[in-house]
Amino acid sequence: MKAMDFHAALLSADSVAKLQEITTRIQYERSLLEYCGVRGLSRIVRLLESGNIFFDDSNPDPIKRAASRVDFFIFEFAEHGDLRRHITFNPTLPGSWKLRVLHGIAAAIAQLHGVGVAHQDIKPSNVLSFETDKFKIGDLGRSSREGYTAPTDQNLFPGDRRYSPPEFEYGHTVTDRVDRRLGSDIFMLGSMISFLYAGTSASYLLVTETPAAYLPGTWRGRYEDVLPFLVDAQARCAQKIASSFPSTCADKMVVAFMQLTHPNPLLRGHPDTRSMPDKGLGIDRYISLFNNLADRAEIAERASR
Amino acid sequence: MLGDRWNRSVIPRWRNSTIVASTLEAGPSRFTPEVVPRPNLLPLLDERLSEWNAHPTIGGAADLLAYDQFPELRPHLQKIAKYVLSSDQPLPIPLKEAAQRALEIPSLDSSDLVGPNSRRIEEIHTLRHRLALNPRNAVAYVDLARWYAALGRNEQALRLLNISKALEPNSRFVIRAIARFHIHANDPERALAVVNHAVALKEDPWLMASSVAISNLLGKSGRIAKYARTLVSSDTFHPSQVPELASALATLEMFSGSQKKARKLFNIALVQPNDNSVAQALWAADHLKTTIEVQDKWLDDPLSAEARYYRAFFGGNLEAALMASKEWFADEPFSSRPMTSASFICGLLENYEAMERCCRVGLVADPLNVGLRNNLAFSLSSQWRLEEAVEILRDLLQEEKDALSGHTLANLGQLMYREGFVEEGEMLYRKALDRLKVQGLSTSQALAMAYMAREALLANAENSEKLVAEAKGLAKEFPSTGVDVVLRSVTASPTNLEVPSKKILRDQKWRYDKERNLLLIEESRPFKE
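Residues numbered from 1 in each chain as written. Chains lettered and ligands numbered in written order. Predicted model: local features only at pLDDT ≥ 70, side-chain atom pairs only at ≥ 80, totals over all residues.

1. Details of the overall build of chain A
Part 1 of the reasoning: A tally of regular secondary structure across chain A gives 12 helices and 7 strands.
Part 2 of the reasoning: Taken against the 2.2 N^0.38 rule, which gives 19 Å for 305 residues, the C-alpha radius of gyration of chain A at 21 Å falls within 12% of a compact globule.
Part 3 of the reasoning: Its C-alpha atoms put chain A at 65 × 55 × 35 Å along the principal axes.
Part 4 of the reasoning: The buried share of chain A, taken over its 305 residues, is 48%. (Helix = DSSP H or I, 4+ residues; strand = E, 2+ residues; numbered from the N terminus. Rg over C-alpha atoms; globule rule 2.2 N^0.38 Å. Buried ≥ 20, exposed ≤ 12 C-beta atoms within 10 Å, placed from the backbone.)

Right, dumping it as structure tokens:
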């Protein structure tokens, strides 16, 4: 369940604007969730019910009554909670599990992109674990839908800054929707690779491997000029996390990580798909890759039992 | 061994990309947009910390540690970091390092545990692996090329640099590295062409500095110098961006005789200097025979090894100069100058074995370097390993055929003296002196004279006293640290000049053909026939 409290908005200095903002967000998210339900997106957490309740419905003061309003969304129940709760770095966790998580995220992204939606806030807390090996993505509050204006569209990057692609931290934006919005999603898919295996986000790793002079906040030049150093830093990140992957799939995972988290938004994604005009970012290739690697890992696990 | 003076230009340094990142050169000069304001993330973090406190998990802790990329939030992540480090799970290295970083625990750098050679090989291996991961990493190509250049593998280095240029044709880092490489490979024309073709030349003071310095090296006026002079005097750039440009322009003025303008430009360069401009200023102060107020902080910079070398050498502190030249070599392992300097100092200190080692180390990166080969020949002759010296000098003679250098002639003179051919020795030294005079290398001339006097004393030549007096006269006329040291050794401790009882005798027969300017060696065979 997700609940949105109007109380704080009513008490804020600019309460009218704040209320308007919250209302718009709720309406937008609800319509998007319903749209995903209608389109049958199986990898997106399903909205079961939505509405609002007044905790102080009988209060004669209309302001106090309004302040007690809470809007809510009730979603299908994720038995195992989100990724933060479920993940361990213990070798007892089957190797196929993390690959199934990645497959689930990639499939969810593909489903969203397929209906013109970019999620823009993929992070461990938004990846939910259902029955065995079934993973879905939730929280569409920061999403952007093609042809519609989302409440967060004016933000440089609407999602969680810990997982944001580097270009936004430098104030660089690309105009093309695919490179900007959909490209952010696949960067965050790459970030989930590093989170699952190395315990850190790709953005964090990039910051630690970038020389201080080129960090956001320090660098005052153009993004194009700092990019060669970020490309080098990203390769250092890949070298660093390489040993965290199981040896059976390390090479492929490193390559996928490099492609998905490329600091250049125009090159991010699968190079074979990107080299073809208007073919997108190649998310389908990553779905196949993770599925294939997960299948192999499961076969090996069964054989070893 | 006459190399205590050279003309220095502010040619670009070629350093590892991570080191460049710590220098003024890393700053942008073309465009300065506002820094993206970062929203206050603390309330959000507090909220998430409360959630985590209610249900602490390793996954939640890892998720929260990603906030450490925002330095202002680090103090709030201590508890999380301690939780991660106290976990009994086998942690992935990046997560463990993230926790250590949040707690500001220094992590052990494995490269500290290996020696310099192993480190060089390890660096190459790491860079090759990095390039295998992403073959479009221009920075890694440049870094790898630098190591290949240090190993004397210039063709491979050039190939890698060309790839980096194809990938990043407008990168200052790439362009300056390529220019430096071409200078190293004795092709300054090409270096100039690379810099002058850069799209950002007129907007980037670092590229302009390289263009002016290389033009100066080539004796050209340089098409950008006039424009650059206007920019430097008009405060278009921040002082931190123009130390090399102002130094390069100052050097240009210095060579054209405008010493007042040169001093003014050097002062601009030294407002916020980098190591290259400090080295240039120290060199110029000696060249202009003027004094310079050096700030200690300039020389404290670990990258200022070259400047420390000049300061120590011109101040007569040979041990400190030797130490600085070795540090300089560590900074620029592909460059012949640090080891030329180190070998020269070792020669002055009369440690000829060390001198030989320095030459051989320097020749790895630059096997055809004439100065180093001459110094090597000198060190071998000085150790009475005359046969080996002959081999080197023979090659030099063949290469220099029509334009024999004063340096080579002097070393040939030394060889003749040591072989007992006193007259030929003096004749060759005299030729060397003439050649050096024509070239305007007055301090080298005085040094050659001092060495001739020393060799004459050593060979018990009849005119040795007269030559010592002549050397003293020339030293007065053209004073230098090197000449002082050699003459002190000649006059104060004649015991130093004793011929070892067991000198290595040559079994090859050779003679000097004056007309053809050749050392003719009879072919030696494994068995005597």
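2. Regarding the overall build of chain B
Part 1 of the reasoning: The helix and strand inventory of chain B stands at 27 helices and 2 strands.
Part 2 of the reasoning: Going through the 529 residues of chain B one by one, you find that 47% of them count as buried.

3. A word on unusual backbone geometry
Part 1 of the reasoning: Phi at Asp-139 of chain A is positive, roughly 60°, even though this residue is not glycine.
Part 2 of the reasoning: Among the structural elements, Asp-139 of chain A can be located in the loop between strand S6 (135-137) and strand S7 (144-145).
Part 3 of the reasoning: Exposure remark for Asp-139 of chain A: the 23 C-beta atoms within 10 Å place this residue in the buried category.
Part 4 of the reasoning: The backbone of Trp-384 of chain B sits at a positive phi, close to 60°, despite the residue not being glycine.
Part 5 of the reasoning: Inspection of the secondary structure assignment puts Trp-384 of chain B in the loop between helix H21 (370-382) and helix H22 (386-400).
Part 6 of the reasoning: Since 17 C-beta atoms lie within 10 Å of it, Trp-384 of chain B is described here as partly exposed.

4. Thoughts on the domain arrangement of chain A
Residues and elements named next belong to chain A.
Part 1 of the reasoning: If you check the domain split of chain A, you get domain 1 (2-75) and domain 2 (83-304).
Part 2 of the reasoning: The gap between the C-alpha centroids of domain 1 and domain 2 is 30 Å.
Part 3 of the reasoning: Counting residues at the interface gives 13 residues for domain 1, matched by 17 residues for domain 2.
Part 4 of the reasoning: Ranked by the residues each element gives to the side of domain 1 that touches domain 2, the list is headed by helix H2 (residues 15-38), at 7 residues.
Part 5 of the reasoning: The class makeup of the residues in the side of domain 1 that touches domain 2 is 7 nonpolar, 1 polar and 5 charged. (Domains from an automatic or database assignment. Contact = placed C-beta atoms within 7 Å. Nonpolar A, V, L, I, M, F, W, Y, C, P; charged D, E, K, R; others polar.)

5. With respect to the nonpolar core
Part 1 of the reasoning: Residues Ile-105 of chain A together with Leu-65 and Ala-450 of chain B are the most contacted members of the largest nonpolar core, which totals 226 residues.
Part 2 of the reasoning: The contacts of Leu-65 of chain B, once residues within four sequence positions are left out, are Thr-200 of chain A together with Leu-77, Ile-80, Ala-81, Val-84, Ala-98, Ala-99 and Ala-102 of chain B. (Core = buried A, V, L, I, M, F, W, Y, C linked by C-beta atoms within 7 Å.)

6. Some words on the interface of chain A and chain B
Accessible area lost upon the coming together of the parts serves often as the stated size of an interface.
Part 1 of the reasoning: The interface of chain A with chain B comprises 52 residues on the first partner and 46 residues on the second.
Part 2 of the reasoning: Sorting the residues of the side of chain A that touches chain B by element identifies helix H4 (83-86), helix H7 (177-198), helix H8 (202-209), helix H9 (223-241) and helix H10 (250-260) of chain A as the ones contributing at least two each.
Part 3 of the reasoning: At 11 residues, the largest contribution of residues to the side of chain A that touches chain B is made by H9 of chain A.
Part 4 of the reasoning: The class makeup of the residues in the side of chain A that touches chain B is 26 nonpolar, 15 polar and 11 charged.

7. Brief notes about the environment of Lys-202 of chain B
Part 1 of the reasoning: Looking at the secondary structure, you find Lys-202 of chain B in the loop between helix H10 (188-196) and helix H11 (205-217).
Part 2 of the reasoning: Remark: the alpha-carbon pair of Lys-202 of chain B and Ala-228 of chain B, spanning 26 residues in sequence, is separated by 8.1 Å.

8. Concerning the confidence of the model for chain B
Residues and elements named next belong to chain B.
Part 1 of the reasoning: Of the residues in chain B, 88% reach a pLDDT of 70 or more, and the chain-wide mean stands at 86.
Part 2 of the reasoning: Scored below 50 in pLDDT, residues 109-115 makes 4 contacts in the model with residues more than four places away or belonging to other chains.
Part 3 of the reasoning: Confidence over residues 523-529 falls short of pLDDT 50; this stretch has 1 contact with residues more than four positions distant or in other chains.
Part 4 of the reasoning: If you check the scores for this complex, the pTM reads 0.81 and the ipTM reads 0.85. (pLDDT = per-residue confidence, 0-100.)

9. Observations concerning the packing of helix H12 (residues 225-233) of chain B against helix H13 (residues 243-255) of chain B
All names here are of chain B.
Part 1 of the reasoning: The N-to-C vectors of H12 and H13 enclose an angle of 125°; their axes lie 10 Å apart at closest approach. When the axes of H12 and H13 are compared, the pair comes out oblique. Here the hand of the crossing between H12 and H13 comes out left-handed. Of the residues in H13, those touching H12 at Ala-225, Ala-228, Arg-229 and Val-232 are Leu-245, Ala-246, Leu-249 and Leu-252.
Part 2 of the reasoning: Its residues assigned to classes, the contact of H12 with H13 shows 7 nonpolar, no polar and 1 charged. (Axes fitted to C-alpha atoms, helices over the stretch in contact; angles between N-to-C directions. Parallel < 35°, antiparallel > 145°, perpendicular 65-115°, else oblique. Left-handed = near helix turned anticlockwise from the far one by under 90°.)

10. Some points on the sheet that holds strand S1 (residues 2-5) of chain A
Residues and elements named next belong to chain A.
Part 1 of the reasoning: If you walk across this open sheet you meet the 3 strands as S1-S3-S2, and the pairing is antiparallel. The two strands at the open ends of the sheet, each matched to only one other strand, are S1 and strand S2 (47-54). Taken over all neighbouring pairs, the strand axes of this sheet differ in orientation by 15° on average, direction set aside.
Part 2 of the reasoning: With 4 bridges connecting them, S1 and strand S3 (residues 69-75) associate as antiparallel partners. Residue pairing for S3: Met-4 is matched across the bridge by Asp-71.
Part 3 of the reasoning: Contacting S1, S2 and S3, H2 crosses the sheet at an angle of about 155° to S2. (Pairing = 2+ DSSP bridges.)

11. What to know about helix H17 (residues 305-314) of chain B
Residue and element names in this part refer to chain B.
Part 1 of the reasoning: Counting buried residues along H17, 9 of its 10 residues qualify, which places the element largely inside the surrounding structure.
Part 2 of the reasoning: Those residues of H17 that fall on the buried side of the exposure criterion are Ala-305, Glu-306, Ala-307, Arg-308, Tyr-309, Tyr-310, Arg-311, Ala-312 and Phe-313.
Part 3 of the reasoning: Of the surrounding secondary structure, the elements contacted by the buried residues of H17 are helix H15 (275-287), helix H16 (296-300), helix H18 (318-331), helix H19 (337-348) and helix H27 (481-492).
Part 4 of the reasoning: Immediately beyond the C-terminal end of H17, within one or two residues, lies Gly-316, with a positive phi of roughly 85°.

12. Some remarks on the environment of Gly-51 of chain A
Part 1 of the reasoning: With respect to the helices and strands, the residue Gly-51 of chain A is situated in strand S2.
Part 2 of the reasoning: The spacing of Gly-51 of chain A and Phe-245 of chain A is 194 residues in sequence and 44 Å in space, taken between C-alpha atoms.

13. Things to note about the packing of H11 of chain B against H13 of chain B
Residues and elements named next belong to chain B.
Part 1 of the reasoning: Where H11 meets H13, the closest approach of the two axes is 8 Å, and the angle between their N-to-C directions is 25°. Overall, the two elements H11 and H13 adopt an arrangement that is roughly parallel. The element H11 and its partner H13 pack so that their crossing is left-handed. Of the residues in H13, those in contact with Pro-205, Trp-206, Met-208, Ala-209, Val-212, Ala-213 and Asn-216 of H11 are Glu-244, Leu-245, Ala-248, Leu-249, Thr-251, Leu-252 and Phe-255.
Part 2 of the reasoning: In terms of residue class, the contact of H11 with H13 is built from 11 nonpolar, 2 polar and 1 charged.

14. Thoughts on the environment of Asp-143 of chain B
Residue and element names in this part refer to chain B.
Part 1 of the reasoning: Note that Asp-143 resides in helix H7 (residues 138-150).
Part 2 of the reasoning: Taking the C-beta count within 10 Å as the criterion, Asp-143 has 28 such neighbours and is therefore assigned buried.
Part 3 of the reasoning: Considering only alpha carbons, one finds Asp-143 and Tyr-67, 76 residues apart in sequence, at a separation of 31 Å.

15. Considering helix H4 (residues 78-85) of chain B
The α-helix winds at 3.6 residues per turn, so residues separated by three or four positions along the chain end up facing the same way.
Residue and element names in this part refer to chain B.
Part 1 of the reasoning: Within H4 the residues assigned to the buried category are Ile-80, Ala-81 and Val-84. For H4, the arc enclosing every buried residue in end-on projection is 100°, short of the 170-degree limit, so these residues lie on one face.
Part 2 of the reasoning: As for H4, its buried residues are in contact with helix H3 (58-65) and helix H5 (93-102). (Arc of directions from axis to C-beta.)

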